Structures are given as structure tokens and as C-alpha cells.
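# Residue-level structure breakdown
Okay, here's what each chain looks like letter by letter:
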Amino acid sequence: MAEYIGKGPNKNYFGDRPMMVQGKMMNERERLATEMTMEERAWREKWCKDQELAPDEPKFIPELDRQLLNPIQRLYRLPWDWLFYKKLQPIVGPHTAYLGRRIIPNGILAYLVVLGIWYNIKYHESTWERFGGWAHKFGKPVIYSGDPGWPEPISVSHRMHASRGFHHRGDIFQDLKIDGTSSTTSRG
């Protein structure tokens, strides 16, 4: 297999990812399989201490945030960032403002999605009059021996089977002054 050569500033790393600094210390089985040298122990201790966050971390760097987000994401986030980070953060504190910034906009978005789905299910039902929409199909309930109504089958009108609401159409034949029965007439 040919070796992958990346692009950009990380071209020396496989798959454009930074190198693994843990080496064999990442896997516990591999780390404990052989005796560690004093140099490896010192390196491991230093690496473990490097994983601890400083009291002021994680740091918010606005320039980095601007580089990582595309213009549409920045435009969508602009009013929420202004409200929570500029106006509410001095009042409620950084942690509460951060939580509010993450929870409230996502909650509003989830609520709007639920309302949209509910509206489409309620008002765009699949009927016999139009193609498309949400189809509601219900099967007959299961009856086991010992249940009330056993062994008589559940009777469902043959008109209701896959009718897509045709049996609820009203009395269209009476409006058209048609009796609804088919009659054969001979043409002569």
C-alpha cells in the first residue's frame, strides 16, 4: 500500500492529523507488558501533568472561533452570542451564560422542529383526494386466547381497509343527485 502524503501544514502526518504524542504509553496493555525505564517514567509523569487544565482554561479565543466557523454559522450565532455573552454574562456569570447560550437556542430550535412535524402530521394528512402527506395506518389489535372477545375476530368494515379516508368523504353522491348504485343500461 502506498504511503499517504497529506496536504497543507500537516502534510508530514498521516491523514492530516497531528502525531500521537503518547506513543506506546497510550495502551495500558502495551505500557504494562514491559518494564518502563526511568526515562519513560519521567516522560509519562510529565505527560500526565500536562493533561491537567490550568485554572483559566479552557480559554475562549474569538479569532479562533471566527476561523473555525463558516459565515452562515457566525450569522446564525451572532444574536445569541450578543445576548448571552455581551448582555447577560456580566449579570449571571460566565458559566451560567455559557449554559444558557447552549441550552436555550437549541431548546427553541427543537421546539420549532416539533411544532413543524406536528403541523405537517395534523394538516397534511395523506388522503384519497391528494398524493403525498403523512400516511396513518393502524392495524387491528392482537387478541390472545383468554382475552374478552376471543375467539370472534375483530370486525372491520371492508370499506375502511386502506381507504385513506375515502369512507369519510361525506355524501357526495347525494350532492350530485346520483343514487350511488351502478346500473347497466343498454345502448341501442
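All figures in this text were calculated on a predicted structure; none of them were measured in a lab. (Residues numbered from 1 in each chain as written. Predicted model: local features only at pLDDT ≥ 70, side-chain atom pairs only at ≥ 80, totals over all residues. Heavy atoms only, no water.)

From N to C terminus, the protein includes 6 helices and 0 strands. Within the protein, the fraction of its 188 residues that count as buried is 10%. A fraction of 21% describes how many contacts in the protein between residues 6 or more apart in sequence connect residues 24 or more apart. As displayed, the protein offers around 17,400 Å² of accessible surface, 60% of which is attributable to carbon and sulfur atoms. (Helix = DSSP H or I, 4+ residues; strand = E, 2+ residues; numbered from the N terminus. Buried < 20%, exposed > 50% of the residue type's maximum accessible area, 1.4 Å probe, protein only. Contact = heavy atoms within 4.5 Å. Areas by Shrake-Rupley, 256 points an atom, 1.4 Å probe, with all protein chains shown as cover.)

Relative to the 44 Å expected for 30 residues at 1.5 Å per residue, helix α5 (residues 94–123) spans 43 Å between its end C-alpha atoms, a close match to the ideal helical length. Buried within α5 we find A97, G100, R101 and P105. (Expected span 1.5 Å × (residues − 1).)

This part is about the environment of Y98. Mapped onto the elements, Y98 comes out in helix α5. Under the relative-accessibility criterion, Y98 is labelled partly exposed at 41%. Separated by 14 residues in the primary sequence, Y98 and F84 have C-alpha atoms spaced 7.4 Å apart.

This next bit is on the side chain of R77. With respect to the helices, strands and loops of the structure, R77 is situated in helix α4 (residues 71–92). Once residues within four sequence positions are removed from consideration, R77 is found in contact with D65, L69, R101 and R102.

Okay, the pattern of salt bridges next. Two side chains of opposite charge can pair, provided their charged atoms sit close to one another. Per the stated rule, a full pass over the model turns up 5 salt bridges. A salt bridge links R77 to D81, with the shortest nitrogen-to-oxygen separation between them at 3.9 Å. One end of the pair is R77 and the other is D81, both in helix α4 and 4 residues apart, which spans about a single turn. By relative accessible area, which is 16% here, R77 ends up buried. The salt bridge involving D81 is made with R101; its shortest N-O contact spans 2.7 Å. Within this pair, whereas D81 is found in helix α4, its partner R101 is found in helix α5, the two being separated by 20 residues in sequence. Taken individually, D81 and R101 each receive the classification buried, so the pair is uniform in this respect. One network of salt bridges, with partners in common, ties together R77, D81 and R101. (Salt bridge = Lys/Arg side-chain N within 4 Å of Asp/Glu carboxyl O.)

This part takes up the packing of aromatic side chains. Summed over all chains, the structure comprises 3 aromatic pairs. Measuring from centroid to centroid gives 6.4 Å for W118 and Y123, while their planes differ by 85°, and the two rings are edge-to-face. On the basis of relative accessibility, which here comes to 48%, the residue W118 falls in the partly exposed class. (Phe/Tyr/Trp six-rings, centres within 6.5 Å; stacked < 30°, edge-to-face > 60°.)

Let us now look at the packing of α4 against α5. Contact pair α4 / α5: the axes reach a minimum separation of 9 Å and the direction vectors enclose 145°. Between α4 and α5 lies a crossing whose hand is right-handed. Side by side, α4 and α5 meet where Y76, R77, W80, D81, F84, Y85, Q89 and V92 of the first sit next to P94, T96, A97, Y98, G100, R101, R102, I104, P105, I108 and L109 of the second. Residue classes in the contact of α4 with α5 are distributed as 12 nonpolar, 3 polar and 4 charged. (Axes fitted to C-alpha atoms, helices over the stretch in contact; angles between N-to-C directions. Left-handed = near helix turned anticlockwise from the far one by under 90°. Nonpolar A, V, L, I, M, F, W, Y, C, P; charged D, E, K, R; others polar.)

Its place among the elements puts A97 in helix α5. Ignoring anything within four residues of it in the chain, the contact list for A97 reads F84, Y85, Q89 and V92.

Before going further, it helps to examine the side chain of D81. Under the relative-accessibility criterion, D81 is labelled buried at 19%. Those residues in contact with D81 that sit more than four places away from it in its chain are K86 and R101.

On the surface, Y98, L99, I103, I104, I108, Y111, L112, L115, W118, Y119 and Y123 cluster together into a nonpolar patch covering about 1,100 Å² of accessible area. Tracing the sequence through the fold places Y111 in helix α5. (Patch = residues over 30% accessible without salt bridge, like charges linked within 9 Å, V, L, I, M, F, W, Y side chains within 5 Å.)

Time to look at the confidence of the model for the protein. Averaged over all residues, the pLDDT of the protein equals 76, while 69% of them reach at least 70. Least confident of the elements in the protein is helix α6 (residues 172–175), whose mean pLDDT is 57; most confident is α5, at 93. (pLDDT = per-residue confidence, 0-100.)

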